[in-house]
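Each chain, letter by letter, is given below.
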Amino acid sequence: MNRTDLQRLLARRRSIRAYTSDPVAREDIETILRLARTAPSGANLQPGRFHVLTGKALGSLVNALASAIAAGEPQSREYSYFPDPMPKMLRARQVAAGYALYNALGIERRDLDARRRQFQRNYAFFDAPVGIVITIDRDMGKGCFMDLGMAVMALLLAAEDLGYGTTGLGALAHYGPVVHRHLDLPEDELVVCGIALGVADRNADANQVRTEREDLSVFAEFHGFDARS
């Protein structure tokens, strides 16, 4: 069976952690965001807001985050991205993903300083020319996070379709209050994550990494397809 355009798009999308200096046209970003908003939304609530930064505005936020980290500002526990405690099976996946990236970058397992520096590049949006801060109303229910997630996936695919690279920045929530203060966000907005957006540097070692996905038999069960059942 020949792959459709959508299947090829899904198969080639990956997290991009190195970008060229090429700018991203505002009209392209507007197209990407409009397409993101076409994602399914329960009762058409359309949860989430997208704060798009570039140039000096993005640089100012990156500097604010760097200053907060250097000053030892504690990480926020307002919103948890990962389960706590992390189950062993999921921890193994997390470790494997980290190892794949650090190995591609030539960072030794015990070089904790280099690992920390690489992780902190999340807060510089990996030097992408565009950074997007995604927020949600604090009063939204858990299902609205699912709807927002579908909008984020639509954003990633729309960007890929236009020839741009992206990566999600869940780590941004660790310093959500810093982002909140810097952007002077309304009190009812919660920082969920960030997105780095730009033209991928296809030759960068960080962009050669592909994480593995589970086999279908592990995460899916089929009922009623056996004629005998």
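The structure contained in this document is the topic of the report that follows.

## As for the packing of aromatic side chains
The final tally for this structure, using the stated rule, is five aromatic pairs. Aromatic side chains Y123 and Y175 sit 5.3 Å apart centroid to centroid with 90° between the ring planes, which places their arrangement in the edge-to-face category. With a gap of 52 residues between them, Y123 in the loop between helix 5 (112–120) and strand 2 (130–137) and Y175 in the loop between strand 3 (165–169) and helix 7 (176–183) connect regions that are remote in the sequence. In this pair, the class of Y123 matches that of Y175, namely buried. Summarising the aromatic geometry, the rings of F222 and F225 are spaced 5.7 Å apart at their centres and angled 80° between planes, so their arrangement reads as edge-to-face. Feature note: the residues F119, Y123 and Y175 constitute an aromatic cluster, connected by ring pairs.

## Digging into the packing of helix 1 (residues 5–12) against helix 6 (residues 142–161)
At a minimum axis distance of 10 Å, the contact between helix 1 and helix 6 shows a crossing angle of 100°. As judged from the angle between their axes, helix 1 and helix 6 are roughly perpendicular. On the side of helix 1, the interface is formed by L9, L10 and R12, while helix 6 contributes M153, L157, E160 and D161. Among the residues making up the contact of helix 1 with helix 6, the classes are represented as four nonpolar, no polar and three charged.

## Structural notes on the sheet that holds strand 3
Overall, antiparallel pairing links the four strands, which are arranged 1-2-4-3 in an open sheet. Taken across any chain shown, the strands that pair with only one partner, and hence form the sheet edges, are strand 1 (49–54) and strand 3. Averaged over all neighbouring strand pairs, the angle between strand axes comes to 25°, with direction disregarded. Two elements, strand 3 and strand 4 (residues 189–198), share five bridges in a ladder whose sense is antiparallel. Residue T166 lies in a different strand from strand 4, and its bridge partner there is L197.

## Re the environment of T211
Residue position: T211 is located in the loop between strand 4 and helix 8 (216–219). A relative accessible area of 39% means that T211 is categorised as partly exposed. Looking at T211, its side chain comes within polar contact range of the side chain of R213, at 2.7 Å.

## Quick notes on helix 6
Taking 1.5 Å per residue, 20 residues should reach 28 Å; helix 6 reaches 29 Å between its end C-alpha atoms and fits that length. Three or more residues of helix 6 are buried, namely C144, D147, L148, A151, V152, L155, L156, L157, A158, A159 and E160. Buried residues along helix 6 sit in contact with helix 1, helix 2 (26–36), strand 1, strand 2, strand 3 and strand 4. A positive phi of about 95° marks G163, the residue just after helix 6.

## A look at the state of the cysteines
For the structure on display, the rule yields zero disulfides. Its sulfur unpaired, C144 is 15 Å from the next cysteine sulfur, which belongs to C193. Classification of C144 by relative accessible area gives buried; the value is 9%. Overall, C193 belongs to the buried group, its relative accessible area being 10%.

## Concerning the pattern of salt bridges
Inspection of the entire model under this criterion finds 10 salt bridges. Ionic pairing is found between E189 and R49, a salt bridge with its closest N-O pair at 3.6 Å. On the criterion of sequence distance, the pair formed by E189 in strand 4 and R49 in strand 1 is long-range, its members being 140 residues apart. Accessibility expressed as a relative area gives 7% for E189, which makes it buried. Judged by its relative accessible area of 51%, R49 is exposed. The shortest N-O distance in the salt bridge between R181 and E73 comes to 3.3 Å. Residue R181 is located in helix 7, and its partner E73 is located in the loop between helix 3 (55–70) and helix 4 (88–104); the two are separated by 108 residues in the primary sequence. On the basis of relative accessibility, which here comes to 26%, the residue E73 falls in the partly exposed class.

Criteria and cut-off values
- Residues numbered from 1 in each chain as written.
- Predicted model: local features only at pLDDT ≥ 70, side-chain atom pairs only at ≥ 80, totals over all residues.
- Heavy atoms only, no water.
- Phe/Tyr/Trp six-rings, centres within 6.5 Å; stacked < 30°, edge-to-face > 60°.
- Helix = DSSP H or I, 4+ residues; strand = E, 2+ residues; numbered from the N terminus.
- Buried < 20%, exposed > 50% of the residue type's maximum accessible area, 1.4 Å probe, protein only.
- Axes fitted to C-alpha atoms, helices over the stretch in contact; angles between N-to-C directions.
- Parallel < 35°, antiparallel > 145°, perpendicular 65-115°, else oblique.
- Contact = heavy atoms within 4.5 Å.
- Nonpolar A, V, L, I, M, F, W, Y, C, P; charged D, E, K, R; others polar.
- Pairing = 2+ DSSP bridges.
- Polar contact = N/O pair within 3.5 Å; in protein donor to acceptor, adjacent residues only side chain to side chain.
- Expected span 1.5 Å × (residues − 1).
- Disulfide = S-S within 2.5 Å.
- Salt bridge = Lys/Arg side-chain N within 4 Å of Asp/Glu carboxyl O.

Distances and angles like these do not, on their own, reveal function.
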